[in-house]
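Chain by chain, the residues:
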Amino acid sequence: MQAFEYSAPRTLDEAVRFLRRNGAGEPRVLAGGTDLIVQLREGRRQAALVVDIKHIPELMELRHDDRTTTIGAAVPCARIYGDAEMRRRFPALIESASLIGGIQIQSRASLGGNLCNASPAADSIPALIALCAVCGLSGPDGERSIPVERFCTGPGQNALRPGELLVRLVLPAPKAHSGAAFERFIPRNEMDIAVANAAAAVELSADGARFVSARVVVGACAPTPLLVHEAGEALTGQPVGEEAIMRAVEAVRAAVRPITDMRGSAAQRRHLAGVLARRVVERAVERARAAR
Amino acid sequence: MTKAHLRFELNGEPTELLCEPRQSLLEVLRDELGLTGTKEGCNNGNCGACNVLFNGALVNACCVLAVEADGGSVTTVEGIAEGERLHPLQRAFLEEAALQCGICTPGFIVAAKALLDSEPDADEARVRHWLAGNLCRCTGYDKIVRAVLAAEAEMR
Amino acid sequence: MVLEKERTYQVIGTRPVRPDGVDKVTGRAQYGADIRLPGMLFGKVLRSPHAHARVRRIDTSKALAHPDVRAVVTSADLPEPEDRVQELGEGAANLRELSSNVLAREKVLYRGHAVAAVAATNAHAAQEALALIEVEYEPLPAVLDVRDAMREDAPLLHENLRGKTPEGPRAAPSNIAAHTCFNFGDLEQGFAEADVVVEREFRTKMVHQGYIEPHASTALWNADGQLTVWTCTQGSFPVREQLAQVLGHPISRIKVVPTEIGGGFGGKIPVYLEPLAALLSRATGKPVKMQMDRAEVFEATGPTSGTWSKVKLGAKNDGTLVACEATLAYEAGAYPGSPVTAGAMTMIAPYRLEHVRIDAYDVVVNKPKVSAYRAPGAPAAAFAMEQVVDELAERLGIDPLRFRLENAAHEGSRTPWGAPHPRIGHEECLEAALSSAHYNAPLEGANRGRGVASGYWFNAGLRSSVTVTVMPDGTVSLIEGSTDIGGTRASLAMQLAETLGIAYEDVKPTVVDTDSVGYNDVTGGSRVTYGSGMAVYEAGRKLIDEIRTRLSKHWQRPVEEIAHADGRFRTADGQHDEPFKEVCRQLMTRGEGISASASVNARGGAGAFAVHIVDVEVDPETGKTTVLRYTAVQDAGKAVHPSYVEGQMQGGVVQGIGWALNEEYYYGDSGRMANASFLDYRMPTALDVPMIETIIVEVPSPTHPYGVRGVGEVPIVPPLAAIANAVYRATGVRQTELPMSPRRILETTLGVE
């Protein structure tokens, strides 16, 4: 591994100052390290300075209020699924957090890190998009927000400007009669990168018979996780049933641009995108009907 | 390259050393501190042979920089037994013949201990799920799962 | 050798705790990478990025100038090796090719082929220094597929390779290193008698043994020319031999110390790092430690062959198999030597067949040179044969296990290698499978299927040496040289205890280095409990005779009047009757030590059969296969330590499951293995498999005093076919290519392509 310096700032301002540092080599943010340390070791990323953000309170907070849930960018998956209110509000995110790697990875890996790493197959991003999460960023020019669906700009690339840092993810508290689900397909039962994954969030009418709104997201089928607007539109206003769901599935299959690589073929991914989209929509509907 | 001064609790004992930021916790445990019980199998978080408890959580030591352990606590396989008294998991692994070559055994023992400490009633499915991050190539996992369940029964 | 059959054993068949167990559960046991010596340097290897290229020039000057680097070596530092074959114990090696594989000479033949090695004061610096070595390559076209490599216009790996054929060497050079033919009976007549004929083609991919411990070796080349190498190996004596040949150093000046080993399965028999560490130690005067990272293990050690095969099998309507015609082509990797002939032999060994012709081709390709992988050659051949057998049985409307029983080879049946089978247990295994709880439990539910398959593997004998010595307290030390990978310290100690009639706890086994015990062949070939067991038995009997001789003086009786039975020594007149331990304690106080040694070169054993049953469910939407239930039946002859026999069975099954469903070397066009990590080389986890039920059948082997048959390898032979047969019944589509990944199943069932 190349040599680098290490710093562990205690405040957000200090972190931003470190990240602005120019000179030979990039500063890189270290949260859980399960991506970065491996990438540095394999020479896939470079760093002259590693900035450990786990000692900054804003990055590590997890809190709920009536209208929102705030997840610090460095909060590990294990804390996500260990939080009773998270489990109650966002079962889809719990599904995501429980599937990234294994228990050992989940002790360290964070949703924020998974998002910033911007793999098209990332397991946290589809549910975050479906749930309308918003990224809170901080940088030399101050703070700004971006909806999660606009954060990934390409494979391994994100919308962070030089010196900027992802601080938090903010999710709206779930509405009544809403539900969400996440599912991924892997060849084994754990430890694999998704061949395809999908998340759906739906809001139903009070009698559970109609879709009021829906968001359907697929991953590992395009350069970034894909919010398939046409699929959501195919469901919105429609009676909950086979006809609407079939049209949503068709929309998903038409929207994806998958590749063939060592993890799967393009045809397989297109096929799976449809299978998973159906499964997550159906489960989201079940959850919406069961919710108060 | 300035070395970092690292102070942490290791298997209950205060420990300090100098290390480079690029050294992983795994490297420091094995190469600087001579605790070779924690193994390198893949060095990228996919096999669990390097499992340790870090601040109470089960982690892959290959994916933690040693400097991150400053001020924290680490438990390795060498810290599981109490002197001559083996932990019930260690005894169960021996009695159930849950090891063949034994290279993955330290990782499994640490991982299983983390499970039993947090979920003393885990069933077979939960045990398998928890241990999915620990690869074994010799046993086919059957006797490992039985050993963990046997230790769990004894600890109840 | 007297077969002590029909005895009630005191120790054999029990399940004691292994003597090295405490060290292994506490992390104290020393494996290859755990060796630490004062002043140690760290070595790393520079490897070819090209699958096929000429090496024009190597410039190591910049690497040598790095402040932390102490030495750099290339093939120029190795002597010119002899072009001869050395038996390594689980396959032979051509020493010239072995040397070139250790460090490439004029050509690199696979991506990952070692080109140079560096020693530095720390591993990070050694890694950095690799980038400073300049190598000028002239890339050549590469060939990665076994059938492509056989074509006349294929790029040649070895310009002078004129493959062996039954008619003599081939006239022109090619990538076909050997063509062997097994031929008996009259094929035309056989197929004429057949009422039903099935013919199918099959393909399997290169896979790796997947041991969790990467290779690691430490060498110290002393100023007096004594070379000591600590290494995780399956055979310290073959390593010593290979080092002597590759380094051109006298064998008497080489000591190999086997550390504990984190898995081998045949992949830790050839040397890779040992000669490099030795060269670097000689150049620096310091101990040098080297360990591979996981990518190097995949790319630069010895996986097993990808294969192509075609099998045609004919049977009569009454279920009798009559004729088999097959062609097998196996990848050898960069140098000749795939296990194709073993594949040919084992695929038909389970059956009585009158008319057979199998053409077996050993073919070089631009991939790492293959090494043995647990029953080398057999699983891929069984994948083909056992599916064709299954299809025939189905066409004839006969239960697949009964079909095999009708045609099973038994004692006296002709083997593919000519000699008749001795006493074997295929029929007994089939009967046990037929009456098993699993086979008699109905399988209900959609998308589910049950498959069965048989498998056979040999039982190597080879050489073992042990020394047994009585301790002052009457216990016995057992010095042996077989690396303990799966519990053989225990199984050998148990056999010695049984022979002497003493408690298992009174035997202390130790695995020692090559200076401290006589010659031992590898831990592999299913041979240690069997072959080293025979050495233990012999040494035990010699010790008993030695003690009787001493007692003759002590008790003042002729030797013939002193007998040993049930762990006691007695005189004929009954005046003296004392247990082993007590007798030894008394004799030891009189001064002279008591010890005995035995070296055996055991005849190969009778071989072992396995029959497996598996239930699967295949998700029709995703093509994913779940293994619901698995039962492995196997003939162990006599299970010395049943828990370890079960462990071998379960481990082999799960390797087979991984091989069947997900494992493969995935190559892009550049000859680069794209998935050289445990993330994408997908071995089963605990969550991917159920409990593996085991049924141990015991048909005592006629060649071992306790009836032991080797058990380590045959369990990996049936799973590929058993799972394929189950997937067929679950989906209606036969899978003729491995792995049967979800992608492949979607392609073949839904046409998703």
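Residues numbered from 1 in each chain as written. Chains lettered and ligands numbered in written order. Predicted model: local features only at pLDDT ≥ 70, side-chain atom pairs only at ≥ 80, totals over all residues.

**Student:** Lay out the overall build of chain C in plain terms, naming residues and giving numbers.
**Tutor:** When its secondary structure is counted, chain C shows 20 helices and 28 strands. In summary, chain C has a C-alpha radius of gyration of 27 Å against a globular reference of 27 Å for 753 residues, a match within 12%. Counting every position in chain C, which comprises 753 residues, the buried fraction comes to 60%. For chain C, contacts bridging at least 24 residues in sequence account for 80% of all contacts bridging at least 6. (Helix = DSSP H or I, 4+ residues; strand = E, 2+ residues; numbered from the N terminus. Rg over C-alpha atoms; globule rule 2.2 N^0.38 Å. Buried ≥ 20, exposed ≤ 12 C-beta atoms within 10 Å, placed from the backbone. Contact = placed C-beta atoms within 7 Å.)

**Student:** Talk me through the overall build of chain B; I want residue IDs and the actual numbers.
**Tutor:** When its secondary structure is counted, chain B shows five helices and five strands. Overall, chain B shows an N-to-C arrangement of helices and strands of β-β-α-β-β-β-α-α-α-α. The dimensions of chain B, computed from C-alpha atoms along their principal axes, are 50 × 30 × 25 Å. Scored against the burial criterion, the 156 residues of chain B give a buried share of 67%. Sequence-distant contacts in chain B: of pairs separated by 6 or more residues, those separated by 24 or more amount to 58%.

**Student:** Lay out the interface of chain A and chain C with the relevant residues and their values.
**Tutor:** Every contact between the two is made by 18 residues of chain A and, on the other side, 20 residues of chain C. Residue contributions to the side of chain A that touches chain C peak at five residues, all from helix 12 (residues 266–290) of chain A.

**Student:** Mind laying out the interface of chain B and chain C, listing which residues take part and the relevant values?
**Tutor:** Often, the extent of an interface is quoted as the loss of accessible area on bringing the components together. Each partner contributes to the interface: chain B provides 44 residues, whereas chain C provides 45 residues. Elements supplying a minimum of two residues to the side of chain B that touches chain C: helix 2 (88–95), helix 3 (105–118), helix 4 (124–130) and helix 5 (142–155) of chain B. At four residues, helix 2 of chain B tops the list of elements feeding residues into the side of chain B that touches chain C. Class assignment of the residues belonging to the side of chain B that touches chain C gives a composition of 21 nonpolar, 15 polar and eight charged. (Nonpolar A, V, L, I, M, F, W, Y, C, P; charged D, E, K, R; others polar.)

**Student:** Explain the domain arrangement of chain B residue by residue, including any values.
**Tutor:** All names here are of chain B. Assigned domains of chain B: these are domain 1 (4–79) and domain 2 (88–155). Computed over C-alpha atoms only, the centres of domain 1 and domain 2 are separated by 21 Å. Across the boundary between the two partners, domain 1 contributes 13 residues, which contact 11 residues of domain 2. In terms of residues, the side of domain 1 that touches domain 2 owes the most to one element, strand 3 (residues 51–54), which gives three residues. Considering only residue class, the side of domain 1 that touches domain 2 consists of seven nonpolar, five polar and one charged. (Domains from an automatic or database assignment.)

**Student:** An account of the pairing of strand 4 (residues 57–60) of chain B is needed here, citing residue identities and associated values.
**Tutor:** Residues and elements named next belong to chain B. For strand 3 and strand 4, the ladder comprises four bridges, and the chain directions are antiparallel. Within the sheet, the bridge partner assigned to Leu53 lies in strand 4 and is Leu58. Linkage of strand 3 to strand 4, two consecutive antiparallel strands, is achieved through a turn of two residues, within which Asn55 is found at a positive phi near 50°. (Pairing = 2+ DSSP bridges.)

**Student:** How would you summarise the packing of helix 15 (residues 488–500) of chain C against helix 16 (residues 528–554) of chain C if you had to cite specific residues and measurements?
**Tutor:** Residue and element names in this part refer to chain C. Where helix 15 meets helix 16, the axes come as close as 9 Å, and the angle between the chain directions of the two elements is 35°. Between helix 15 and helix 16 the crossing geometry is right-handed. Residues Thr488, Ser491, Leu492, Gln495, Leu496, Thr499 and Leu500 of helix 15 form the contact with helix 16, whose participating residues are Val528, Thr529, Ser532, Gly533, Val536, Tyr537, Gly540, Arg541, Leu543 and Ile544. For the contact of helix 15 with helix 16, a count of residues per class yields eight nonpolar, eight polar and one charged. (Axes fitted to C-alpha atoms, helices over the stretch in contact; angles between N-to-C directions. Left-handed = near helix turned anticlockwise from the far one by under 90°.)

**Student:** Quick one: what's the story with the sheet that holds strand 24 (residues 577–579) of chain C, residue by residue and with numbers?
**Tutor:** Residue and element names in this part refer to chain C. An order of 22-23-24 is seen for the three strands of this open sheet, with the pairing classed as antiparallel. The sheet terminates laterally at strand 22 (562–565) and strand 24, the two strands that pair on one side only. Each strand axis lies, on average, 20° off the axis of its neighbour in the sheet, ignoring direction. One ladder, built from four bridges, connects strand 22 with strand 23 (residues 568–571); its direction is antiparallel. Pairing of Ala563 across the sheet is with Arg570, part of strand 23. The strands that helix 17 (residues 580–589) touches are strand 23 and strand 24; relative to strand 24, the one it contacts most, it runs at about 90°.

**Student:** Which residues make up helix 4 (residues 123–130) of chain C, and what are the values?
**Tutor:** Every buried residue belonging to helix 4 of chain C is among Ala123, Ala125, Ala126, Glu128 and Ala129 of chain C, and all of these are buried. Looking at the buried side of helix 4 of chain C, the elements it contacts are strand 1 (41–47), helix 2 (61–65), strand 3 (69–73) and strand 7 (114–120) of chain C.

**Student:** Just give me the short version of the sheet that holds strand 4 of chain B, but keep the residues and values in it.
**Tutor:** All names here are of chain B. On the basis of which strands lie adjacent, the open sheet formed by five strands has the order 2-1-5-3-4 and mixed pairing. Looking at which strands have only one partner, the edges of the open sheet turn out to be strand 2 (13–19) and strand 4. Neighbour to neighbour, the strand axes of the sheet diverge by 40° on average, direction disregarded. Bridge count between strand 3 and strand 5 (residues 73–75): two bridges; the pairing is antiparallel.

**Student:** If you had to explain the confidence of the model for chain C to someone new, which residues and values would you point to?
**Tutor:** Per-residue confidence for chain C gives a mean pLDDT of 95; residues scoring 70 or more make up 99%. As scored by the predictor, the complex reaches a pTM of 0.97 and an ipTM of 0.98. (pLDDT = per-residue confidence, 0-100.)

**Student:** Lay out the domain arrangement of chain C with the relevant residues and their values.
**Tutor:** Residues and elements named next belong to chain C. Along its sequence, chain C is organised into domain 1 (21–28 + 460–602) and domain 2 (377–459 + 605–750). The C-alpha centroid of domain 2 is placed 37 Å from the C-alpha centroid of domain 1. The interface of domain 1 with domain 2 comprises 15 residues on the first partner and 18 residues on the second. Looking at the side of domain 1 that touches domain 2, the elements that each hand over two or more residues are helix 15 and helix 16. Looking at which element gives the most residues to the side of domain 1 that touches domain 2, the answer is helix 16, with five residues. Here the side of domain 1 that touches domain 2 is composed, by residue class, of six nonpolar, eight polar and one charged.

**Student:** Report on the nonpolar core, specifying residues and quantitative values.
**Tutor:** Ranked by internal contacts, the top residues of the largest apolar core, which has 408 residues, are Ala199, Ala200, Val252 and Ala277 of chain A together with Ile723 of chain C. The element that contributes the greatest number of residues to this core is helix 11 (residues 378–396) of chain C, accounting for 11 residues. Residue contacts for Ala200 of chain A: discarding those within four places in its chain leaves Ala130, Ala180, Ala181, Ala214, Arg215, Val216, Ala277, Val280, Val281 and Ala284 of chain A. (Core = buried A, V, L, I, M, F, W, Y, C linked by C-beta atoms within 7 Å.)

**Student:** Give me the lowdown on the pairing of strand 13 (residues 211–219) of chain A, citing residues and values where you can.
**Tutor:** On a regular strand, one side chain projects to one face of the sheet and the next to the other, so that they alternate. Residues and elements named next belong to chain A. With seven of nine residues buried, strand 13 is to be regarded as a mostly interior element. Here eight bridges tie strand 12 (residues 196–204) to strand 13, and the two strands are oriented antiparallel to one another. Residue Ala200 lies in a different strand from strand 13, and its bridge partner there is Val216. Where strand 12 hands over to strand 13, the hairpin turn is made up of six residues, of which Gly208 adopts a positive phi near 70°.

**Student:** I'd like a description of unusual backbone geometry, backed by residues and values.
**Tutor:** Here the residue pair Leu738 of chain C and Pro739 of chain C is connected by a cis peptide bond, since its omega of -10° sits within 30 degrees of zero. Within the fold, Pro739 of chain C resides in the loop between helix 19 (719–731) and helix 20 (742–750). The phi dihedral of Asn55 of chain B falls on the positive side, at around 50°, and the residue is not glycine. With respect to the helices and strands, Asn55 of chain B occurs in the loop between strand 3 and strand 4. With phi around 60°, Ala375 of chain C is a residue other than glycine that occupies positive phi space. Looking at the element boundaries, Ala375 of chain C is found in the loop between strand 17 (355–364) and helix 11. Owing to 31 C-beta atoms within 10 Å, Ala375 of chain C belongs among the buried residues under this scheme.

**Student:** I'd like to hear about the environment of Arg20 of chain A, residue by residue, with values.
**Tutor:** Residues and elements named next belong to chain A. In this structure, Arg20 sits in helix 1 (residues 12–20). Sequence-wise, Arg20 and Pro140 are 120 residues apart; in three dimensions their C-alpha atoms are separated by 7.3 Å. In this view, Arg20 contacts Pro140 and Gly163; residues no more than four positions away in its chain are not counted.

**Student:** Before we move on, can you summarise helix 7 (residues 236–247) of chain C with the specific residues and values?
**Tutor:** All names here are of chain C. If you check helix 7, its first and last C-alpha atoms are 16 Å apart, about what 12 residues at 1.5 Å a residue would give, namely 16 Å. Burial analysis of helix 7 places 11 of its 12 residues in the buried class, the great majority of the element. Residues Ser236, Phe237, Pro238, Val239, Arg240, Glu241, Gln242, Leu243, Gln245, Val246 and Leu247 constitute the buried set of helix 7. Buried positions along helix 7 lie against strand 4 (85–87), helix 3 (95–102), strand 12 (227–231), strand 13 (254–258) and helix 8 (274–284). Phi turns positive, to about 65°, at Gly248, one or two residues after helix 7. (Expected span 1.5 Å × (residues − 1).)

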